[in-house]
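Listed here are the chains, written in short residue letters.
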Amino acid sequence: MTATLNTPTTTTDRTNRLKSTRQGGRMVADYWEDLFTARERGKQIVWYNGGALNPIFQAAGLAWCHGEAFAARLAAQGLEGPAQLAGAEHGYNAELCSYSRTHLGCAVLTVQGDEGINTGVVGAHDQAELAARLPAPDFFVNNYAGCSTGQQWDEISYRVFDKEVPIFNISHPFLWGNKPDAGYLTGEEWESASYYVRDQLLALITWLEERTGNPFDWDMLRESMTYIKRAAELRREGLELCKAKPAPATFWDWISAIAPINFLPGNQELVDYFESVRDEIQDRVDKGISGVENEKYRVYFDGIMNWNKLGFLSRKFAEHGVAVLAGRYITNAFWQEPQLIDTDDPLLGMAQHYLLCPTNHGTKTLDYLTLRDCEEYDVDGIVFHSTRTCRAFTGPQRLLARSAQNNLGIPSIFFEGDVADASFYKEEILESRLAAMLEGIDVKRTQAS
Amino acid sequence: MSRGAAALEALRAVARDPRSHIEAWRSAHPEGKVLGVLPMNFPRELAHAAGVMAVIVPDDQQPVTEGRAFLPEFYCGYTRNLADQAATGRFDQYDGLFVADHCIQLLGSADVVRALEPDRRVFLGQLISSLSDSWAGQKTAQMMSLLRTEVESFAGTTIDDDALRASIASFNRDRDLMRQIFDARAGGDVSYSPVDLQDIVASAQIMDPDEHHALLSDVVAERQFLPRDERIRVHLSGHLCHAPRRELLEVIEEVGAVIVDDDLWTGRRYLQAGMDESLAPMDALAKWYAGRNTALPCPTRVQHDVDWDAWLLDAVKRSDAEAVVHLMPKFCEPHMLFYPELRRALDEAGVPQLLIETEHEGIPLESFRTRLEALIERTHRNRPAYA
Amino acid sequence: MNTPGPFYLGVDLGSTTAKAVVIDGEGAIVSSSTIAMGAVSRAGMHKAVDAALDGAGITNADLSGTVSTGYGRRLVPGAQRTFTEITCHARGTVAMVPGARLVIDIGGQDSKAITVDDEGLVQEFAMNDRCASGTGRFYEVLSQSIDVPLEELGALALQGSNDLEVSTMCATFAETEIVSLLAQDAPIADIASSVHRAIASRTLALVAQVGRHTPVVLTGGVAQNPAAVEFLARALRTEILVPEHPQISGAYGAALLARDADHRGRPVVDDVAGADQLFPRPRPSEPHSCGSCDGTLTGSGTSSTVDLGLPIRLGG
């Protein structure tokens, strides 16, 4: 059991969150409103999971709903309960990936809503609300790398909709690193996987053209990828700036900026947004303003976000003077290698980013990335979010923790939580382990001085 | 002890103590290599043809101790057991590990082996799992070819096509014989207990197919038809990748059920599909892989027009099963995802069912017994005698 | 006791209590008893049986059938048949509350949700896994942590506000977590209230596995806790019916099953064709001496027919 007082009884909020990310919140809210009314505007809708295919959907004239993003949104708004209950009633086990079971719960509600069936467990109001909000799909596209569950999840969505909605699957080789030449962004395995996925994207485009009747707008793809590439470069610049001491912005700020880079349309507004984020960070660096009041410790965060706990966790770490300033989910995800994108012919670079999902690497590569980031950001410790229902993210964590300790002398702690199911979060464990790690860091510093 | 009983005892010994069997093989083949392969789709024929002993790494049923430091507790029991085997040196009996399946939990455990056993080759030859795609056949063929090359490199030899043909024939013959027993059970002959059958299949996943076939032939030669009694006829479903605990199978029959068929990994799922010996051997491997999912659909594969639920309903009809018990290893995501589809299909067909989640350690038999008895009590109501 | 036979005995030997019910040929409860035990004990069970027989003014020899249930069902001597508590709770509860469609039973160590048909026959059921989350054990942990007697928990929880953020995945962590809330000066009424609300949400997840059907009846010892009933009613958005004797529904169902068999004109052992070979049979009756009883009598054997009364309606 976990219990948390809603109002922190200790100190005041010591976070200093970026102001510029608020604009992203508004853009994302507009996007969802737009999606919820897409059907009325005559748009066809695609449900997809995994890598950011939105530029392709945009060029195919579709409205798009990213399943994980929708589940994360529900969790962040505290609205995941009814969807998860509907999922449970349909038979989905509570240990199943909570993104998938939240989203499948919505699928069940959407189907039932269309058929006028009342679920027993979910209140009629919640059911109507959720079913009406998320428009039923015209297509499914699965683009899941790095987790076998991702592919199986969409197949089950397809079955929940009684196989009446066409589905397209993109397969992604897991970047295991079989050969001696295999490495991050290098080696024969990387090359062949890149072209394999690129070829499947071409097949997807043909498939969409056949089914929508819309000719694919290649110019629009090139244009939106040009904006996305620019936005991604600005994002990278901002991330680089966070290596400064004290850190001008935190992991939590970047979490707030995930949705825009992950699924908003590529356009000038997106570029402007990341420019303003980068500028605000630069301004802070210039003025020596930190993202956490009195930064005392610098910490790397490994794990998917605990979406129900974003604000809470950011305050909690700040309370201890901890700047969480980098993490696999931020630093090594979401168009993180924009130099790979050729805006004249963007498909290969897009395919490569889908392969660069932060769970699609063998531990060898993850170890390289983690140690690199820990050194570059000069962190004192690692916090592993042992994300209960995400086996993909958590599998290599123990090995990464050992490696950080053995190679860099960096301590780490684990705390249990989940992406979209707050009931797995154990407050006491995080609190006591974090305090213990920070005490250890203090002792080490005292000895060194 | 009769010849057949002794043969069954020998198979049982291998199933329950694979380590000793592997050690014995090593003594007899001092130059030979032992390759561990992870379930459920690696074609062991390739390794066999290269003179390598290929063992589908079993859950050795030891409690997870040092392995806890390497994989989180919410990984399935099988993968945590693998990590534990690696962490405690029990994995040393294998010279390498090959993986053809993409399950993220299997990959997690394979990565632990790779980290802890740096001198051993840990190879992922990922077979395409999305089987409806027009390119699936070509991709499967390419991967089979790569697997062949890698096995050759591991074995330090080349695989001769004729040797591969012979290996295919050996595995086919062994699977065919096992399938006959399973088909006989579905047809009403319960000469072998569910634990016997599990031992027969589990030993096949470890042994040389010819050796296994010879022993099994002795067993079968003495088979005497044993009709089902009046107990409730149950189909067992699920339990991918590793065997359920024997005690659980025993309890199911103790409470008043007779198991008439299954789709377990240490049951029909392993042996349902054979290879087409009329094809060129590499084509036969590729066809076999594609055909496995139609012969017995698997929730780890994605194939839009192949339905585990429909297969299960057919199987229930074929064996005249009255109820289905789903055995779900805790944290097995493909099973968790597909289970509602099975439940829905069985509900609509009016087949009583029960879900039992199994864990690697500790088996709450009393609680299982209560649930199973409740299922049996309920299923009895469907019998005319009860009216 | 002058009521003529036949009489049937149902015995429910659970993890923390033993219950026995004697019914007459019409299915009416003649007497019942509930014995709280530290753990499953034969002595407690014998005491419950003796109390129920005494209450009915009969002896073993007067019984036309005995069925046992509960986790200790195979320990009950003299029972011709055992049935699981799932089947018995369903049967007993529907007899107590005709028309019930969903039976939620929260006992000491487990909780169950059972959907039933008109005749009290089980349709579907779900049980908590071995984790004690959402069971009576959880209320005990709460009671000990905030140092409030179990029987006063409900009243306290109804006074508090339930907006502390609480989730209940693991009973093992419960105590330290509650201590942590106490350390933050959260009022105990609020803690009690919030924990009750959280447990109700766990029960809702259990109900989700079988589907929410109404009317809903809550049985088991926890049904005597008004706050547990209230929060469950809110979670399920419906009223919750509680029989007047929620603890004995399993034993009552067992007795009814003994009577059902007799009415079909065959001994209870033959209730199901082939049952003799199929079902685990209790060990032969063994002599017992009440001198060794360690059971504590909490419900006295009543000497007159128990009026089942109307179910109490709460919540909704």
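On a predicted model such as this, the values are computed, not experimentally measured, just so you know. (Residues numbered from 1 in each chain as written. Chains lettered and ligands numbered in written order. Predicted model: local features only at pLDDT ≥ 70, side-chain atom pairs only at ≥ 80, totals over all residues.)

Trainee: What exactly am I supposed to notice about the overall build of chain C here?
Mentor: Scanning chain C for helices and strands turns up 9 helices and 13 strands. Expressed as a percentage of the 316 residues in chain C, the buried residues total 57%. Intrachain contacts of chain C at a sequence separation of at least 6 include 76% that bridge at least 24 residues. (Helix = DSSP H or I, 4+ residues; strand = E, 2+ residues; numbered from the N terminus. Buried ≥ 20, exposed ≤ 12 C-beta atoms within 10 Å, placed from the backbone. Contact = placed C-beta atoms within 7 Å.)

Trainee: How do you make sense of the overall build of chain A when you look at a structure like this?
Mentor: Within chain A one finds 19 helices and 9 strands. Taken against the 2.2 N^0.38 rule, which gives 22 Å for 449 residues, the C-alpha radius of gyration of chain A at 22 Å falls within 12% of a compact globule. Dimensions of chain A, computed from the C-alpha atoms along their principal axes, are close to 70 × 50 × 40 Å. Looking at chain A alone, contacts between residues at least 24 apart form 79% of all its contacts between residues at least 6 apart. (Rg over C-alpha atoms; globule rule 2.2 N^0.38 Å.)

Trainee: Which parts of the structure should I look at to understand the sheet that holds strand β5 (residues 167–169) of chain A?
Mentor: Strand pairs in the sheet, formed through backbone hydrogen bonds, run parallel or antiparallel to each other. Residue and element names in this part refer to chain A. With parallel pairing, the 4 strands of this open sheet are ordered in space as β3-β2-β4-β5. Two strands bound the open sheet, and with one partner strand each, they are β3 (62–66) and β5. Within the sheet, the average angular offset between the axes of one strand and its neighbour, ignoring direction, is 20°. Sheet topology places strand β2 (residues 44–50) next to β3; 5 bridges connect them, and they run parallel. Within β3, the residue paired with Gln 44 across the bridge is Leu 62. Sheet strands in contact with helix α3 (residues 67–76) are β2 and β3, and its direction is about 60° off that of β3. (Pairing = 2+ DSSP bridges. Axes fitted to C-alpha atoms, helices over the stretch in contact; angles between N-to-C directions.)

Trainee: Help me understand the interface of chain A and chain B in this model?
Mentor: Across the boundary between the two partners, chain A contributes 36 residues, which contact 37 residues of chain B. If you list the elements that add at least two residues to the side of chain A that touches chain B, you get α7 (148–160), β5, α17 (391–394) and α18 (397–408) of chain A. Counting residues per element, the side of chain A that touches chain B draws most heavily on α7 of chain A, at 9 residues. For the side of chain A that touches chain B, a count of residues per class yields 14 nonpolar, 15 polar and 7 charged. (Nonpolar A, V, L, I, M, F, W, Y, C, P; charged D, E, K, R; others polar.)

Trainee: Help me understand the sheet that holds strand β2 (residues 53–56) of chain B in this model?
Mentor: Residue and element names in this part refer to chain B. Spatially, β2-β1-β3-β4 is the arrangement adopted by the 4 strands of the open sheet, whose pairing is parallel. What marks the edges here is a single partner per strand, and that holds for β2 and β4 (121–124). Direction aside, neighbouring strands of the sheet carry axes that sit 25° apart on average. By the bridge criterion, 3 bridges tie strand β1 (residues 34–37) to strand β3 (residues 96–99) in an arrangement that is parallel. Across the sheet, residue Gly 36 finds its bridge partner in β3, namely Leu 97.

Trainee: I tried to follow helix α8 (residues 249–263) of chain C on my own but got confused; where do I start?
Mentor: In an α-helix, one turn spans 3.6 residues, which is why side chains three or four residues apart end up on the same side. Residues and elements named next belong to chain C. The terminal C-alpha atoms of α8, which comprises 15 residues, lie 20 Å apart, in line with the 21 Å expected from a rise of 1.5 Å per residue. Of all 15 residues making up α8, 12 are buried, and the element is well covered by its neighbours. For α8, the complete set of buried residues consists of Ser 249, Gly 250, Ala 251, Tyr 252, Gly 253, Ala 254, Ala 255, Leu 256, Leu 257, Ala 258, Arg 259 and Ala 261. (Expected span 1.5 Å × (residues − 1).)

Trainee: What should I look at first to understand the pairing of β3 of chain B in this one?
Mentor: Where a strand is regular, its side chains alternate between the two sheet faces. Residues and elements named next belong to chain B. By the alternation rule, side chains of β3 split into Gly 96 and Phe 98 and Leu 97 and Val 99, which are all buried. As paired elements, β3 and β4 share 4 bridges and run parallel to each other. From the neighbouring strand, Val 99 faces β4, where its bridge partner is Leu 124.

Trainee: So what exactly am I meant to see when it comes to the environment of Ala 401 of chain A here?
Mentor: Among the structural elements, Ala 401 of chain A can be located in helix α18. Residues within four places of Ala 401 of chain A in sequence aside, it is in contact with Ile 382, Phe 384 and Ser 412 of chain A.

Trainee: Would you explain the pairing of strand β6 (residues 102–106) of chain C in this entry?
Mentor: All names here are of chain C. Judged by how many residues are buried, β6 sits mostly within the fold: 5 of 5 residues are covered. Of the two faces of β6, the one lined by Leu 102, Ile 104 and Ile 106 and the one lined by Val 103 and Asp 105 are each fully buried. Inspection of the sheet shows β6 paired to strand β7 (residues 111–116) by 5 bridges, in the antiparallel sense. Along β7, the bridge assignment pairs Val 103 with Ile 114.

Trainee: What am I meant to see in the domain arrangement of chain C here?
Mentor: For interface size, the figure often reported is the accessible area lost on association. All names here are of chain C. Taken domain by domain, chain C holds domain 1 (7–90 + 247–305) and domain 2 (99–242). Per element, the largest residue contribution to the side of domain 1 that touches domain 2 is 4 residues, and it comes from helix α2 (residues 85–96). Split into classes, the residues belonging to the side of domain 1 that touches domain 2 amount to 2 nonpolar, 8 polar and no charged. (Domains from an automatic or database assignment.)

Trainee: I tried to follow helix α1 (residues 42–56) of chain C on my own but got confused; where do I start?
Mentor: All names here are of chain C. With 15 residues, α1 should cover 21 Å at 1.5 Å per step; its first-to-last C-alpha distance of 21 Å lies within 8% of that length. In terms of burial, α1 is largely enclosed, as 12 of its 15 residues are buried. Buried residues of α1: Arg 42, Gly 44, Met 45, His 46, Lys 47, Ala 48, Val 49, Ala 51, Ala 52, Leu 53, Gly 55 and Ala 56, and no others. In the stretch just after α1, Gly 57 is the one whose phi turns positive, near 70°.

Trainee: Which parts of the structure should I look at to understand the nonpolar core?
Mentor: Soluble, globular proteins show a tendency: their nonpolar side chains are buried together. Residues Val 234 of chain B together with Val 11 and Ala 255 of chain C are the most contacted members of the largest nonpolar core, which totals 359 residues. Per-element tally for this core: the top contributor is helix α6 (residues 188–210) of chain C, with 12 residues. When neighbours within four sequence positions are excluded, Ala 255 of chain C is seen to be in contact with Tyr 8, Leu 9, Gly 10, Val 21, Val 22, Ile 23 and Val 67 of chain C. (Core = buried A, V, L, I, M, F, W, Y, C linked by C-beta atoms within 7 Å.)

Trainee: Would you explain the environment of Gly 108 of chain B in this entry?
Mentor: As for its position among the elements, Gly 108 of chain B is in helix α5 (residues 104–116). For the pair formed by Gly 108 of chain B and Pro 72 of chain B, sequence separation is 36 residues and the distance between their alpha carbons is 10.0 Å.

Trainee: Would you explain the environment of Gly 150 of chain A in this entry?
Mentor: Residue and element names in this part refer to chain A. Along the chain, Gly 150 turns up in helix α7. C-beta crowding within 10 Å serves as the criterion here: with 26 such atoms nearby, Gly 150 is assigned to the buried category. Distance from Gly 150 to Cys 97, taken between C-alpha atoms, is 9.2 Å for residues 53 residues apart in sequence. Apart from residues lying up to four places away in sequence, Gly 150 is in contact with Asn 49, Gly 50, Asn 142 and Tyr 144.

Trainee: Explain unusual backbone geometry to me, please; I cannot follow it from the model alone.
Mentor: Outside of glycine, negative phi angles account for most residues, and trans bonds account for most peptide bonds. For the bond running from Lys 245 of chain A to Pro 246 of chain A, omega is -5°, close enough to zero to count as cis. Along the chain, Pro 246 of chain A falls in the loop between α9 (218–241) and α10 (251–256). We note that His 239 of chain B has phi near 40°; this positive angle belongs to a residue other than glycine. Looking at the element boundaries, His 239 of chain B is found in the loop between β5 (232–238) and α10 (246–254).

Trainee: Would you mind showing me how to read the confidence of the model for chain C here?
Mentor: When pLDDT drops low, the exact placement of atoms in the prediction is not to be read closely. Residue and element names in this part refer to chain C. Residue-level pLDDT values for chain C average 79, and 78% of them are 70 or greater. Note that residues 269–316 has pLDDT below 50 and, in this model, 108 contacts with residues that lie over four places away or in other chains. Reported confidence for the predicted complex is 0.96 by ipTM and 0.91 by pTM. (pLDDT = per-residue confidence, 0-100.)

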